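Working through the structure, step by step
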Number of protein chains: 2
Amino acid sequence: MANEEQSAGAVRPQTMHFDTPLAFRSGTVLDAYDLMYETYGTLNAARSNAVLVCHALNASHHVAGYYADDPDNIGWWDNMVGPGKPLDTDRYFVIGVNNVGGCFGSTGPASINTKTGLAYGSSFPVVTVEDWVKAQARLATRLGIERFAAVMGGSLGAMQALQWSIAYPDRVGAVMAVAAAPKLSAQNIAFNEVARRAITTDPDFHGGDFYGHGVKPKRGLRLARMIGHITYLSDDAMMEKFGRALRNGTIGYHFDVDFEVESYLRYQGDKFAEYFDANTYLLITRALDYFDPAEAAGGDLSKAMSKVKSRFLVASFTSDWRFSPSRSREIVKALVDNRLPVTYAEIDAPHGHDAFLLDDSRYLALVRAWYDDLYASL
Amino acid sequence: MANEEQSAGAVRPQTMHFDTPLAFRSGTVLDAYDLMYETYGTLNAARSNAVLVCHALNASHHVAGYYADDPDNIGWWDNMVGPGKPLDTDRYFVIGVNNVGGCFGSTGPASINTKTGLAYGSSFPVVTVEDWVKAQARLATRLGIERFAAVMGGSLGAMQALQWSIAYPDRVGAVMAVAAAPKLSAQNIAFNEVARRAITTDPDFHGGDFYGHGVKPKRGLRLARMIGHITYLSDDAMMEKFGRALRNGTIGYHFDVDFEVESYLRYQGDKFAEYFDANTYLLITRALDYFDPAEAAGGDLSKAMSKVKSRFLVASFTSDWRFSPSRSREIVKALVDNRLPVTYAEIDAPHGHDAFLLDDSRYLALVRAWYDDLYASL
């Protein structure tokens with residue numbers, strides 16, 4: 001039996017400064033940068049029990065636990081990570097990191113460029129999944145972790161985990177990739193493009209250099225988030241959650257909020273526009289668009305993964321139409337082609353793409369069993 | 001064998017003026033209004049061969065043929081309507097009409113309100129499917145058509161055809177409803193809401209009264225159209241059409257056009273913003289949101305359709321995720337419950353919602369057969 005589940009407790013974000021230049025795939029170089037990270041659990045003497053959690057679009061280094069001075073600020077994967085939880089921090093040493101280009105403390109477009117004394121804004125390098133993984137690898141080295149027991153993530157986080165297995169085959173024992181795709185489809189890119197256009201055509205965007213104008217392109221960010229939310233949920237889940245319920249019981253014959261689903265989307269959009277950085281949104285969606293590890297192998301994912309050594313857990317959700325199960329099966333096929341050990345689960349869950357963050361007992365039990373098994377092999 | 005297919009030829013739009021006030025479902029009254037319409041074929045002596053074509057979101061009265069002074073301006077359903085075509089204008093007298101609230105000549109938000117001398121703008125009544133059908137019925141009466149052989153449409157046009165059968169059971173012999181739904185889902189409403197927010201938060205919208213400011217909320221209209229286009233196409237169709245093809249063969253590391261799909265969406269958005277009216281977009285999406293004939297019958301569509309007398313052709317497309325086949329089957333169930341004659345076809349087509357406008361030979365053959373059969377019964 002698993003131990004009783006507990007919170008990772010009061011946690012403290014930390015900053016790691018790097019003054020070794022980071023060369024991006026684009027050719028641009030960042031001379032120095034900071035990464036924000038958090039850790040949960042204890043690194044064992046053999047340094048063999050570390051797990052890296054990669055975040056998706058709007059999340060951060062704050063994976064689990066809470067802050068002593070802000071107890072409601074609970075980590076985004078708190079149901080997954082903690083003492084006795086599926087990824088058990090009584091056994092594993094878990095690291096969450098905010099990626100470079102982010103807006104939660106790591107160096108990003110809103111950070112001050114010491115050379116100019118101004119925010120990077122539009123001059124911040126276009127970052128790729130490969131660049132993030134490279135920066136994460138440096139952080140691991142600085143933390144004394146030569147090899148991760150596992151690298152894990154959902155959605156864009158899963159892409160980073162996949163890239164880890166390709167770029168650093170000797171540094172990743174296992175990969176957990178949930179709600180994943182090996183590359184975006186044209187439809188995925190199309191939704192990103194609309195979100196980006198909403199931001200870049202907002203008059204408050206100022207070509208990305210809005211910081212000095214005392215404004216934020218909130219109109220664009222709100223729309224971007226609203227579009228995102230629709231794609232994170234399934235049609236059925238939205239129907240179940242909101243249906244055609246009216247806010248005031250009756251049709252108002254106007255273009256303001258009539259339906260509950262409109263109210264929900266506006267609320268989510270407004271909230272997001274308050275805390276998220278518009279340039280980070282552009283960077284992250286572009287990183288999603290550009291990720292395509294098979295491309296260099298002529299589109300052959302199996303060939304692209306021929307040097308991978310990790311075992312895998314791949315899980316998808318039936319109602320996820322953003323990254324449908326067939327996208328996960330592309331990864332599974334490449335693993336099988338390379339005779340790599342892979343556990344694949346297609347979970348019949350109604351919640352859409354967001355299911356990877358939710359409390360589905362079959363999903364959490366699967367992850368628990370996989371990490372139990374992995375632990376026995378360390 | 002069918003006759004050789006021909007164009008409906010050079011056609012001429014006409015205007016019908018109404019000075020009987022039109023009371024909208026919202027309670028607002030329009031004292032006088034114009035409807036633009038076109039006709040193809042000849043009304044027979046018995047006045048029994050008339051077919052009304054209802055348009056969807058961005059279309060108009062210009063259903064078939066072309067204009068003598070603008071030969072490239074071909075009707076939006078020209079593959080369906082004309083001499084020898086599936087809806088054969090050698091047999092049927094076909095009417096296309098631009099709905100009230102539209103922006104192609106019928107009285108709409110951009111029209112001048114004679115009481116103020118200014119464009120209606122934000123004061124234009126919020127229009128519903130029921131209102132459109134009422135206005136169409138008046139037009140029919142003025143044209144001497146007491147009873148339509150058929151009323152037809154795809155998507156929002158299908159909703160109007162459905163409403164015809166409910167509101168005027170004695171005036172509709174048959175209904176053809178393609179790519180239909182009896183009401184929007186929460187996800188459908190959500191996409192409309194994002195499109196509307198893009199328009200209403202565009203600083204050039206001026207609360208709907210932008211006409212006097214010499215501007216148009218083009219940024220918002222572009223985004224609205226881009227979102228629309230994504231939902232009209234299937235994921236597979238987009239992948240087939242664009243894939244991940246790059247405009248310049250290589251990644252540009254910027255937020256401008258890199259992928260072909262981005263270029264396509266921008267082009268469609270730009271084009272749309274030039275010719276479409278922002279207030280009409282709001283009105284039409286709201287009409288979609290509000291349509292729910294079953295609501296008054298406690299959510300029971302069968303009950304709502306208990307007085308319907310028409311025969312039906314219902315057709316859906318397997319890859320249509322905007323109005324999936326299951327939405328059409330809701331209509332079919334209500335028809336079967338009421339012992340009404342219905343032909344239902346679920347067409348295995350890859351093109352998504354837009355399939356109803358395309359040249360799928362099985363689809364067009366089905367429509368042809370159904371209209372042949374209907375003609376024999378006139």
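Criteria and cut-off values
Residues numbered from 1 in each chain as written. Chains lettered and ligands numbered in written order. Predicted model: local features only at pLDDT ≥ 70, side-chain atom pairs only at ≥ 80, totals over all residues. Heavy atoms only, no water. Helix = DSSP H or I, 4+ residues; strand = E, 2+ residues; numbered from the N terminus. Rg over C-alpha atoms; globule rule 2.2 N^0.38 Å. Buried < 20%, exposed > 50% of the residue type's maximum accessible area, 1.4 Å probe, protein only. Contact = heavy atoms within 4.5 Å. Areas by Shrake-Rupley, 256 points an atom, 1.4 Å probe, with all protein chains shown as cover. Lys, Arg positive; Asp, Glu negative; His and termini not counted. Charge placed at Lys NZ, Arg CZ, Asp CG, Glu CD. Least-squares fit on C-alpha atoms with pLDDT ≥ 70 in both. Pairing = 2+ DSSP bridges. Axes fitted to C-alpha atoms, helices over the stretch in contact; angles between N-to-C directions. pLDDT = per-residue confidence, 0-100. Disulfide = S-S within 2.5 Å. Buried area = accessible area lost by both parts, 1.4 Å probe. Salt bridge = Lys/Arg side-chain N within 4 Å of Asp/Glu carboxyl O. Polar contact = N/O pair within 3.5 Å; in protein donor to acceptor, adjacent residues only side chain to side chain. Nonpolar A, V, L, I, M, F, W, Y, C, P; charged D, E, K, R; others polar. Phe/Tyr/Trp six-rings, centres within 6.5 Å; stacked < 30°, edge-to-face > 60°. Core = buried A, V, L, I, M, F, W, Y, C linked by side-chain atoms within 4.5 Å.

Moving on, we get to the overall build of chain A. For chain A, the helix and strand inventory stands at 10 helices and 14 strands. Against the compact-globule benchmark of 21 Å for 378 residues, chain A has a radius of gyration of 20 Å, which places it among compact chains. Counting only C-alpha atoms and orienting by the principal axes, one finds that chain A spans roughly 65 × 50 × 50 Å. Put simply, chain A has 378 residues, and 60% of those count as buried. Relative to all contacts within chain A whose residues are 6 or more apart in sequence, the contacts with residues 24 or more apart total 71%. When the accessible surface of chain A is split by element, carbon and sulfur atoms take 49% of a total near 13900 Å². Each charge class in chain A can be summarised by its mean position, and for the 36 positive and 44 negative side chains these summaries are 6 Å apart.

Once that is clear, we can look at the relation of the copies chain A and chain B. For the pair chain A and chain B, the superposition axis carries a translation of 0.0 Å, the fit reaches an RMSD of 0.0 Å, and the rotation angle comes to 180°. In the structure described here, the two chain copies are related by an operation that fits a two-fold rotation axis. Comparing contact sets, 100% of the residues at the interface of chain A also lie at the interface in chain B, consistent with an isologous, same-surface contact.

For the rest of this paragraph, the subject is the sheet that holds strand β4 (residues 33–40) of chain B. The strands that make up a sheet pair up through hydrogen bonds in the backbone, lying either parallel or antiparallel. All names here are of chain B. One open sheet holds the 8 strands; their spatial order is β1-β4-β8-β5-β11-β12-β13-β14, and the pairing between them is mixed. Each of the sheet's edge strands pairs with one partner strand only, and the pair in question is β1 (14–18) and β14 (342–347). Within this sheet the neighbouring strands show an average axis-to-axis angle of 20°, counted without direction. Relative to strand β13 (residues 311–317), strand β12 (residues 172–178) runs parallel, the two being bridged by 5 bridges. Of the residues in β13, the one forming a bridge with Val178 is Ala315. Running at roughly 145° to strand β11 (residues 148–154), helix α2 (residues 156–167) makes contact with β5 (50–54), β11, β12 and β13 of the sheet.

Residue and element names in this part refer to chain A. Relative to the helices and strands, Gly252 is located in the loop between α5 (235–241) and α6 (260–275). Exposure remark for Gly252: the relative accessible area of 32% places this residue in the partly exposed category. Gly252 sits 40 residues away from Asp292 along the chain, and the two C-alpha atoms are 47 Å apart.

With that out of the way, let us pick up the confidence of the model for chain A. With 99% of its residues at a pLDDT of at least 70, chain A reaches an overall mean of 97. Across the assembled chains, the prediction reports ipTM 0.96 with pTM 0.97.

This next bit is on the state of the cysteines. All names here are of chain A. As enumerated under the stated definition, the model contains 0 disulfides over all chains in all. We note that Cys103 lacks a disulfide partner, and the nearest cysteine sulfur, in Cys54, lies 17 Å from it. Looking at Cys103, the relative accessible area reads 21%, which means it is partly exposed.

With that settled, consider unusual backbone geometry. The backbone phi angle of Tyr253 of chain A is positive, close to 50°, even though this residue is not glycine. Looking at the secondary structure, you find Tyr253 of chain A in the loop between α5 and α6.

The next point concerns the interface of chain A and chain B. Contacts between the two partners involve 53 residues from chain A, matched on the other side by 53 residues from chain B. Regarding the contact of chain A and chain B, the summed buried area is about 4900 Å², with carbon and sulfur atoms giving 67% of it. Of all residues in chain A, Arg244, Tyr253 and Phe255 of chain A bury the most surface against chain B, accounting for 17% of the area lost on that side. In this structure, Arg196 of chain A and Glu262 of chain B form a salt bridge, with 2.8 Å as the shortest nitrogen-oxygen distance. Counting across the interface, chain A meets chain B through 28 residue pairs in polar contact (both at pLDDT 80 or more). For the side of chain A that touches chain B, the elements supplying multiple residues, two or more each, are α3 (186–200), α4 (218–232), α5, α6 and α7 (278–290) of chain A. Broken down by element, the residue count for the side of chain A that touches chain B peaks at 10 residues, all from α3 of chain A. Along the lines of polarity and charge, the residues of the side of chain A that touches chain B split into 29 nonpolar, 9 polar and 15 charged.

We now examine the packing of aromatic side chains. For the structure on display, the rule yields 50 aromatic pairs over all chains. Ring geometry for Trp321 of chain A versus Trp321 of chain B: centroids 5.0 Å apart, planes at 40°, classification tilted. Linking Trp321 of chain A in the loop between β13 (311–317) and α9 (325–337) with Trp321 of chain B in the loop between β13 and α9 (325–337), this pair reaches from one chain into another. Judged by relative accessible area, which is 19%, Trp321 of chain B ranks as buried.

Right, let's talk about the nonpolar core for a bit. In this structure, Met176, Tyr363 and Tyr371 of chain A together with Met176, Tyr363 and Tyr371 of chain B are the most contacted members of the largest nonpolar core, which totals 258 residues. For Tyr371 of chain A, the residues in contact, after removing those within four places along its chain, are Val51, Pro86, Leu87, Tyr92, Ala150, Met152 and Met176 of chain A.

Our focus in this paragraph is the sheet that holds strand β1 (residues 14–18) of chain A. Residue and element names in this part refer to chain A. Strand order in the open sheet made by the 8 strands is β1-β4-β8-β5-β11-β12-β13-β14, with mixed pairing throughout. For this open sheet the edge positions go to β1 and β14 (342–347), each flanked by a neighbour on one side alone. For this sheet the average axis-to-axis angle between neighbouring strands, irrespective of direction, equals 20°. Together, β1, β4 (33–40), β5 (50–54), β8 (93–97) and β11 (148–154) form the strand contacts of helix α1 (residues 129–142), whose direction differs from that of β1 by roughly 105°. On the sheet, helix α2 (residues 156–167) packs against β5, β11, β12 (172–178) and β13 and is oriented at approximately 145° with respect to β11.

Let us look at the environment of Val194 of chain A. Within the fold, Val194 of chain A resides in helix α3. Given the relative accessible area of 1%, Val194 of chain A is considered buried. In this structure, the C-alpha to C-alpha distance between Val194 of chain A and Thr89 of chain A, residues 105 residues apart in sequence, is 40 Å. With residues near it in sequence (within four places) discarded, Val194 of chain A still touches Ile227 of chain A together with Leu223, Met226, Ile227, Ile230 and Leu265 of chain B.

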